[in-house]
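Architecture at a glance
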Amino acid sequence: NAGVMQNPRHLVRRRGQEARLRCSPMKGHSHVYWYRQLPEEGLKFMVYLQKENIIDESGMPKERFSAEFPKEGPSILRIQQVVRGDSAAYFCASSPSTVLNEKLFFGSGTQLSVL
Amino acid sequence: AQTVTQSQPEMSVQEAETVTLSCTYDTSENNYYLFWYKQPPSRQMILVIRQEAYKQQNATENRFSVNFQKAAKSFSLKISDSQLGDTAMYFCAFMKPDRGSQGNLIFGKGTKLSVKP
């Protein structure tokens, strides 16, 4: 009964490169959420996706960031032309339904370092 | 906009003792949800306890309990009989109870708790 799987655990990119972060939700979960954690900060909501749909992207930066959750395969958070300020831990969480107050199951995050 | 404030960046407690972590929040909503999450060195976020604002009774989960003061907008976490495995960052979080806010948790900056043997 695997939990939320994120890979890679660590990702190093040079400025201007692209970063792709993957998230496989728990089995049976169809809702995925991405969060970003800057050093010494709490997590900040970025985007909420269901299969093939973006439900809430109110926390996503307007440029360079995109997310998808295709019918098959993991959810992908894509950051184009990375800058040093993108260095952070990126967390994915999943839930099985839209019942509010539902427990979110978090992955262990991807630590992105931009050189 | 909602905000969550944790005023204690770091705390320490002796093993087997009790410690209370503070959290205050600001909202104009009458109904909402509050959470405490634990983040050990492994980095994974683990839900410790949650509280629904319309419930008067304070939530309890084994050694973890909350003191929810709605009028004061305060939501503190009490850890009894502290164990070495409780050493972690603890984050307080808020969520509005509408479908448009599904999964949109607002986190505080965290309190680093060290349990000493």
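The text that follows walks through the structure, step by step, so that each part is easy to find. (Residues numbered from 1 in each chain as written. Chains lettered and ligands numbered in written order. Predicted model: local features only at pLDDT ≥ 70, side-chain atom pairs only at ≥ 80, totals over all residues. Heavy atoms only, no water.)

Moving on: the pattern of salt bridges. Residue and element names in this part refer to chain A. Enumeration according to the criterion identifies eight salt bridges over all chains in this entry. Between R64 and D86 there is a salt bridge; the shortest N-O distance is 2.7 Å. Here R64, found in the loop between β6 (53-56) and β7 (65-68), pairs with D86, found in the loop between β8 (75-79) and β9 (88-95); they are 22 residues apart in sequence, far enough to count as distant. According to the relative accessible area criterion, R64 is partly exposed, its value standing at 25%. The exposure class assigned to D86 is buried, which follows from its relative accessible area of 3%. The network of salt bridges with shared partners includes E18, R20 and R78. (Salt bridge = Lys/Arg side-chain N within 4 Å of Asp/Glu carboxyl O. Helix = DSSP H or I, 4+ residues; strand = E, 2+ residues; numbered from the N terminus. Buried < 20%, exposed > 50% of the residue type's maximum accessible area, 1.4 Å probe, protein only.)

Quick look at the interface of chain A and chain B now. Between chain A and chain B, the residue contacts involve 29 residues of the former and 24 residues of the latter. For the pair chain A and chain B, the summed buried area comes to about 2,200 Å², and 48% of that belongs to carbon and sulfur atoms. Joining chain A to chain B, the criterion identifies one salt bridge. A salt bridge links E41(A) to K109(B); its shortest N-O distance comes to 3.6 Å. For the pair chain A and chain B, the number of links is eight residue pairs in polar contact (both at pLDDT 80 or more). Of all the secondary-structure elements, those providing two or more residues to the side of chain A that touches chain B are β4 (31-37), β5 (43-50), β9 and β11 (110-114) of chain A. Tallied by class, residues from the side of chain A that touches chain B come to ten nonpolar, 13 polar and six charged. (Contact = heavy atoms within 4.5 Å. Buried area = accessible area lost by both parts, 1.4 Å probe. Polar contact = N/O pair within 3.5 Å; in protein donor to acceptor, adjacent residues only side chain to side chain. Nonpolar A, V, L, I, M, F, W, Y, C, P; charged D, E, K, R; others polar.)

What follows deals with the pairing of β5(A). Residues and elements named next belong to chain A. Counting buried positions along β5 yields six of eight residues, so the element is predominantly enclosed. Two elements, β4 and β5, share seven bridges in a ladder whose sense is antiparallel. By the bridge assignment for β5, R36 is matched with K44. Between β4 and β5, which pair antiparallel in sequence order, lie five residues; one of them, E40, sits at a positive phi of approximately 65°. Strand direction decides the pairing type here: β5 and β6, joined by three bridges, are antiparallel. Paired with Q50 across the two strands is N53, which belongs to β6. (Pairing = 2+ DSSP bridges.)

Shape descriptors only; they carry no functional weight alone.
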